[in-house]
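The residues making up each chain are set out below.
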Amino acid sequence: MLFCPECGKLLMPKEENKRPKLVCACGYSVTEKDDLLIEETLGKVEKIEIVDARKEVNTLPKIAQECQKCGNKEAFYWTVQTRAGDEGETRFFQCTKCNNRWREY
Ligand SMILES: [Zn+2]
Ligand SMILES: [Zn+2]
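Residues numbered from 1 in each chain as written. Chains lettered and ligands numbered in written order. Predicted model: local features only at pLDDT ≥ 70, side-chain atom pairs only at ≥ 80, totals over all residues.

Some words on the sheet that holds strand β7 (residues 74-81)
Keep this limit in mind: A pair of strands is labelled paired if DSSP reports no fewer than 2 bridges between them. A run of H or I in DSSP becomes a helix once it reaches four residues, and a run of E becomes a strand once it reaches two; helices and strands are each numbered from the N terminus. Only the stretch in contact is used when fitting a helix axis, every axis being a line fitted to C-alpha atoms; angles between N-to-C directions are given from 0 to 180 degrees.
Ordered in space as β6-β7-β8-β9, the four strands form an open sheet in which the pairing is antiparallel. Of all strands in the sheet, those bounded by a partner on one side alone are β6 (62-64) and β9 (101-103). Each neighbouring strand pair of the sheet contributes to a mean axis angle of 40 degrees, computed without reference to strand direction. Relative to β7, β6 runs antiparallel, the two being bridged by three bridges. Directly across from Ile63, in β7, lies its bridge partner Ala75.

So, in structure tokens, the structure goes:
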């Protein structure tokens, strides 16, 4: 769940011109790709909320994972429960060096 930084209310997911967006009743909206990952599963589009790395990444645990982009061997990781629930948790990684992000398949 993501909350409005302006008024603290819950942000509602919305799609505008095929681009995901989170909007608040007060008029605040976020369209940044960093905050939302769109995953297509069986033709359905699911929105997955991931942590806001700009604020929280430094508190995340690290794991030995090789970054495909820069070859660094350490990455932060976190897990996200998909809304469908039957897929279980998905693990996401972020390189500690170049901040490249990827998910575990
Ligand atoms: Zn608001
Ligand atoms: Zn990297």
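Things to note about the pairing of strand β2 (residues 19-23)
The side chains of a regular strand alternate between both faces of the sheet. Pairing analysis gives five bridges linking strand β1 (residues 12-16) to β2, with the strands arranged antiparallel. From the neighbouring strand, Met12 faces β2, where its bridge partner is Val23. Remark: two residues form the turn of the hairpin made by β1 and β2, two consecutive strands paired antiparallel; Asn17 in that turn has positive phi of roughly 50 degrees. Examined bridge by bridge, β2 and strand β3 (residues 29-30) share two bridges and lie antiparallel to one another. By the bridge assignment for β3, Leu22 is matched with Val30. Once β2 ends, the chain turns through five residues before running back antiparallel as β3, passing Gly27 with a positive phi of about 105 degrees.

Nothing here speaks to function; it is all geometry.
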